[in-house]
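Chain residues, written in single-letter form:
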There are 2 protein chains.
Amino acid sequence: MGTEAQTESQAIRPYAASLELLRKVGLRPTRQRLALAKTLFMEGGHRHVTAEQLHDEVMASGVRVSLATVYNALHQFTENGLLRELVIEPGHVYFDTNVVPHHHFYEAATGRLEDVDAAEVDFSRLPPPPAGMRVKGVHVILYIERDTARAAA
Amino acid sequence: MGTEAQTESQAIRPYAASLELLRKVGLRPTRQRLALAKTLFMEGGHRHVTAEQLHDEVMASGVRVSLATVYNALHQFTENGLLRELVIEPGHVYFDTNVVPHHHFYEAATGRLEDVDAAEVDFSRLPPPPAGMRVKGVHVILYIERDTARAAA
DNA sequence: ATTAATGCAAAATCTTTGCACTTTC
DNA sequence: GAAAGTGCAAAGATTTTGCATTAAT
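Residues numbered from 1 in each chain as written. Chains lettered and ligands numbered in written order. Predicted model: local features only at pLDDT ≥ 70, side-chain atom pairs only at ≥ 80, totals over all residues. Heavy atoms only, no water.

1. What to know about the overall build of chain A
- On a plain count of helices and strands, chain A comes out with 5 helices and 7 strands.
- Along chain A, helices and strands appear, N-terminal first, in the series α-α-α-β-α-α-β-β-β-β-β-β.
- Taking all 153 residues of chain A together, the buried fraction comes to 39%.
- For chain A, contacts bridging at least 24 residues in sequence account for 43% of all contacts bridging at least 6.
- Accessible surface for chain A amounts to roughly 8,900 Å². Of this, 51% is attributable to carbon and sulfur atoms. (Helix = DSSP H or I, 4+ residues; strand = E, 2+ residues; numbered from the N terminus. Buried < 20%, exposed > 50% of the residue type's maximum accessible area, 1.4 Å probe, protein only. Contact = heavy atoms within 4.5 Å. Areas by Shrake-Rupley, 256 points an atom, 1.4 Å probe, with all protein chains shown as cover.)

Have a look at this one:
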């Protein structure tokens, strides 16, 4: 098994994979959307980004994109199930590349968000929804902070 | 037991109570802050308001206040533990008069928020916080929607 | 009198939009 | 070459700020 064959079959080929992703949801694979998709989805692991962060990052990678286009793309990606919108602190909308239902750790001091798998949270008690309503989803935010009172125990 | 005695001892006297509330947290009881405190805290039940909603409401009650003052007051109230800030949908900060830890139902279609008492939620499983961190608080948001598939059963 | 709070309008953010130009199909 | 997407700058929306005026202690 040559390295090339392995590379082609197993490793992520960002361009091809991004192209396919966009095709799948019916968005034209433009240079800009490809660059954004590559940055968001092709670097392994899940991400939480703001429009501005993503814009800076893509620009830094050498692709010129306008901020308006980043906003457009983020919303189109969201509408097509590629991203999930998260609002936790005032004035900042995060886009989460993890679209499977899950929860979050949030460190207010740094603004850092970290995923919590849905399987890591279970409820032994939940209230019944108001009359005529049904619960469509649950989001648990665990606010964390540096543990200063840290004994070696 | 005369009605007057009862009124004075039991019923809420908005002005006096608001005044005392502001005094207690060390904010000068100005006409504007008194009006805002009365609207927020003296009508029974808990509230979730945006700055603009509150501004409209207080203006409608006949007290002239500028929107900037409403923002100032909301933040001062928050800093002094009288309110809790909530961000659930982009572009809107809600201020919650319920400052005891609790959770929320949220109906996206209408923007309606409803309190869920902390006692109504229990966890049978929670993840350990990241190394060196501790969990400071938990907020559960239960997304609800109209239950259309409603059989009479 | 002193000190703080208010109001206004202007500024700062973040986000969306209108329209000419460019790119993809 | 038709349809969709992009970029820019301008407009919107929400929130904050600077400073003269007004009110509370």
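This is not the end of the story, as more comes after the structure.
2. A look at the pattern of salt bridges
Residues and elements named next belong to chain A.
- The tally for this structure, following the rule as stated, stands at 12 salt bridges over all chains.
- The partner of Glu 57 in a salt bridge is Arg 47, and the shortest N-O contact between them spans 2.7 Å. Of this pair, Glu 57 sits in helix H4 (residues 51–60) while Arg 47 sits in the loop between helix H3 (31–41) and strand E1 (48–49), and the two are 10 residues apart along the sequence.
- Between Glu 107 and Arg 112 there is a salt bridge; the shortest N-O distance is 3.2 Å.
- Here the residues in one salt-bridge network are Glu 107, Arg 112 and Glu 114, joined through shared partners. (Salt bridge = Lys/Arg side-chain N within 4 Å of Asp/Glu carboxyl O.)

3. Here's the deal with the pairing of strand E5 (residues 112–117) of chain B
Residue and element names in this part refer to chain B.
- Across 6 bridges, the pairing between strand E4 (residues 102–107) and E5 is antiparallel. Across the sheet, residue Phe 105 finds its bridge partner in E5, namely Glu 114.
- Counting the residues that bridge the hairpin from E4 to E5 gives 4 residues, and of these Gly 111 lies at a positive phi of roughly 80°. (Pairing = 2+ DSSP bridges.)

4. A few points about the sheet that holds strand E7 (residues 133–146) of chain B
- The strand order E5(A)-E4(A)-E7(A)-E7(B)-E4(B)-E5(B) describes an open sheet built from 6 strands, whose pairing is mixed. In the strand order of this sheet, the two ends are held by strand E5 (112–117) of chain A together with E5 of chain B, each with one partner. Taken over all neighbouring pairs, the strand axes of this sheet differ in orientation by 25° on average, direction set aside. (Axes fitted to C-alpha atoms, helices over the stretch in contact; angles between N-to-C directions.)

5. Looking at the protein's contact with DNA strand D
- Surrounding DNA strand D, one finds 19 residues, the nearest of these being Gln 32, Arg 33 and Thr 69 of chain A together with Tyr 71 and His 75 of chain B.
- In this structure, a phosphate oxygen belonging to DNA strand D sits 3.4 Å away from a side-chain N or O atom of His 75 of chain B.
- Of all the elements in the fold, those that place two or more residues in the surface near DNA strand D are H3 and helix H5 (67–79) of chain A together with helix H5 (67–79) of chain B.
- With 3 residues, H5 of chain B is the largest single contributor of residues to the surface near DNA strand D. (Near = heavy atom within 4 Å. Polar contact = N/O pair within 3.5 Å; in protein donor to acceptor, adjacent residues only side chain to side chain.)

6. Quick notes on the relation of the copies chain B and chain A
- Mapping chain B onto chain A leaves a residual RMSD of 0.1 Å; the transformation is a rotation of 180° accompanied by 0.0 Å of translation along its axis. The transformation relating the two chain copies, once decomposed into turn and shift, fits a two-fold axis.
- Take the interface residues of chain B: 100% of them recur as interface residues in chain A, which is what a same-surface contact looks like. (Least-squares fit on C-alpha atoms with pLDDT ≥ 70 in both.)

7. Structural notes on the domain arrangement of chain A
Residues and elements named next belong to chain A.
- We note that the domain assignment places domain 1 (1–98) and domain 2 (100–153) within chain A.
- Counting residues at the interface gives 9 residues for domain 1 and 11 residues for domain 2.
- By the criterion of area lost to domain 2, the three top residues of domain 1 are Arg 84, Ile 88 and Asn 98, representing 56% of everything that side buries.
- Summed over the shared surface of domain 1 and domain 2, the result is 0 salt bridges.
- Along the contact surface separating domain 1 from domain 2 lie 9 residue pairs in polar contact (both at pLDDT 80 or more). (Domains from an automatic or database assignment. Buried area = accessible area lost by both parts, 1.4 Å probe.)

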